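So you can see what is in the structure, the chains are spelled out below.
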Amino acid sequence: MRKIICLTVAVLFALSGVALAVSANKTIQFKESPMGTVTFDGKIHKDAGVTCKECHNDGMFPKMKQGTVKITMDEIYAGKLCGVCHDGKKAFEAKANCNRCHVKQ
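Attention here is on the structure that accompanies the text. (Residues numbered from 1 in each chain as written. Predicted model: local features only at pLDDT ≥ 70, side-chain atom pairs only at ≥ 80, totals over all residues. Heavy atoms only, no water.)

## Considerations on the environment of Val-84
Operational definition: Runs of H or I in DSSP of at least four residues are treated as helices and runs of E of at least two as strands, each being numbered from the N terminus. Per-residue accessibility, obtained with a 1.4 Å probe over protein chains only, is compared with the maximum for each type, and a residue is labelled buried under 20%, exposed over 50%, and partly exposed between these values. Here, two residues are considered to be in contact whenever any of their heavy atoms come within 4.5 Å of each other.
In this fold, Val-84 is placed in the loop between α4 (73-77) and α5 (98-101). For Val-84, a relative accessible area of 41% translates into the label partly exposed. Along the primary structure Val-84 and Met-60 are separated by 24 residues, whereas in three dimensions their C-alpha atoms are 9.1 Å apart. Once residues lying within four places of it in the same chain are set aside, the contact partners of Val-84 are Met-60 and Gly-79.

## A closer look at the sheet that holds strand β1 (residues 27-30)
Rule in force here: When DSSP finds two or more bridges between a pair of strands, those strands are recorded as paired.
Strands sit in the order β1-β2-β3 across an open sheet of three strands; the sheet is antiparallel. With partners counted over all chains shown, the strands left at the sheet margins are β1 and β3 (102-103), one partner each. Sheet topology places β1 next to strand β2 (residues 37-41); four bridges connect them, and they run antiparallel. What sits directly across from Phe-30, in β2, is Val-38.

Rendered as structure tokens:
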């Protein structure tokens, strides 16, 4: 019985490590935009004091999986998705700073 408990604790600890491995140091690239590739850098957002749950919630990006939400500039300019923060007040304004996110190869 003791071995089973130890094994269960070890498995839960390992799984929690996997969950934590998707850290703020992760980058994700979105290559579909004709304006250029967008690289989301979790470290930049973490260093700015943003937590994962501020964006990954039911109203914005409910799943931490790329491609589950269609991101458009119209949505961002309307103050949705990335535009919730990138409005020129909390973070740089998306509309006036295309090249901060979109990089042509």
